[in-house]
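Single-letter residue listing:
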Amino acid sequence: MNTDGADESSWELDPEDESGAVIAAVGRQLKMWREAAGLDRAKFGQRMGYGPNLIYKIERGTRIPRPEFLDKADEVLGAGGKIAAMKADVEKARYPKKVRDLAELEARAVELGAYGNHNLHGLLQTEAYARALYEIRRPAYSVDEVDRHVAARMSRQEIFHRQPAPALTFVLEQVTLERPIGGPGVLQGQLKRLLEVGALRNVEIQVMPTQCEDHAGMGGHIQVVKLEDGSAAAYCESQVASRLITDPRDIQLLELRYGIIRSQALSPRESRAFIEKALGET
């Protein structure tokens, strides 16, 4: 039995997260069902396989229960599916707010273009590569935070299965194909993933060679999104902050810059050959 509360059945909730009210309501409902069943936290926790400290935190709304926790609680308390039905309410809250905002933007995209210069774009990352990135972060994330961020990143990749399929373009710096984040095995799996995704008819991947002398992307990460209603938005990241850009003038500037970056990079066909060569050398 896990008794420390920092386990795999829940995620820690950011006190400033606006989803706190939803998680608090879910916690109150769990408490009502537990009390109606005549169980104290210790007995309920024993039947669930967790300590009373975790049950207390979930009922207070300070930790986000995972779907499997709610399924188990529904079974233990005989709720007939009413507790399990709350999984939909906690689905969004399980991910950090900035990730939810970005995922919502990507879910509405009909076109998405992204350039990154230090690591591969999150939509392209394998789970192993994403986990390695979060594990090497300094100051270090806790195990709980790493799991939460990796799950959030993987959930965004549903964009590749959407219909109608959005047009997706990515420009990758050569160094991101060579730096062995997580080790050679992780890098090899990541390069194979790039080839798989790049083979999709709605995806184009381009490589920016390190030797390129004329480079419009020195300002860093760019992500430009065109939405189904004809509007557009952009997303930029820095060391300590990420921000959504909606000012039409700023978006126009970033669209122009991204277009120039694409023109300076290798073509999609040349880039595929470049990635295949990199894979053969790992």
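**As for the sheet that holds strand β4 (residues 167-173)**
The pairing of strands in a sheet comes from backbone hydrogen bonds and takes either a parallel or an antiparallel form.
For step 1, the next point in the chain: Pairing is mixed in the open sheet, where six strands are placed in the order β5-β4-β3-β6-β7-β8. Either end of the sheet is taken by a strand with one partner, and the two such strands are β5 (203-208) and β8 (242-245). In this sheet, adjacent strand axes meet at a mean angle of 10° when their direction is disregarded.
For step 2, the next point in the chain: Where strand β6 (residues 222-227) and strand β7 (residues 232-237) come together, four bridges link them in antiparallel fashion. Across the sheet, K226 pairs through a bridge with A232, a residue of β7.

**Describing the packing of helix α9 (residues 184-198) against helix α11 (residues 268-281)**
For step 1, the next point in the chain: It is the contact of α9 with α11, at a shortest axis distance of 9 Å, that shows an interaxial angle of 155°. Viewed along their axes, α9 and α11 adopt a mutual orientation that is roughly antiparallel. The element α9 and its partner α11 pack so that their crossing is left-handed. Contact with α9, carried on its side by Q188, L191, K192, L194, L195 and G198, involves R272, I275, E276, A278 and L279 of α11 and no other residues of that element.

**Examining the side chain of R153**
For step 1, the next point in the chain: One can find R153 in helix α8 (residues 143-155).
For step 2, the next point in the chain: We classify R153 as buried; its relative accessible area is 16%.
For step 3, the next point in the chain: If we ignore the near neighbours within four places in the chain, the residues touching R153 are G122, Q125, A130, L133 and Y134.

**Some remarks on helix α10 (residues 248-264)**
For step 1, the next point in the chain: Helix length check: α10 (17 residues) gives 24 Å between terminal C-alpha atoms against 24 Å at 1.5 Å per residue, within 8%.
For step 2, the next point in the chain: Along α10, the residues that are buried comprise I251, L254, Y258, I261 and Q264. Seen from one end, α10 has its buried residues packed into an arc of 145°, which puts them on one side. Across from the buried face of α10, at angles greater than 90 degrees, the exposed residues are P248, R249, Q252, L256 and S263.
For step 3, the next point in the chain: Residues of α10 that are buried in the fold lie against β3 (109-116), β4, β5, β6, β7 and β8.
For step 4, the next point in the chain: The opening residue of α10 is D247, an N-cap whose side-chain oxygen sits 2.8 Å from the backbone nitrogen of R249.

The rules behind the values
- Residues numbered from 1 in each chain as written.
- Predicted model: local features only at pLDDT ≥ 70, side-chain atom pairs only at ≥ 80, totals over all residues.
- Heavy atoms only, no water.
- Pairing = 2+ DSSP bridges.
- Helix = DSSP H or I, 4+ residues; strand = E, 2+ residues; numbered from the N terminus.
- Axes fitted to C-alpha atoms, helices over the stretch in contact; angles between N-to-C directions.
- Parallel < 35°, antiparallel > 145°, perpendicular 65-115°, else oblique.
- Left-handed = near helix turned anticlockwise from the far one by under 90°.
- Contact = heavy atoms within 4.5 Å.
- Buried < 20%, exposed > 50% of the residue type's maximum accessible area, 1.4 Å probe, protein only.
- Expected span 1.5 Å × (residues − 1).
- Arc of directions from axis to C-beta.
- Polar contact = N/O pair within 3.5 Å; in protein donor to acceptor, adjacent residues only side chain to side chain.

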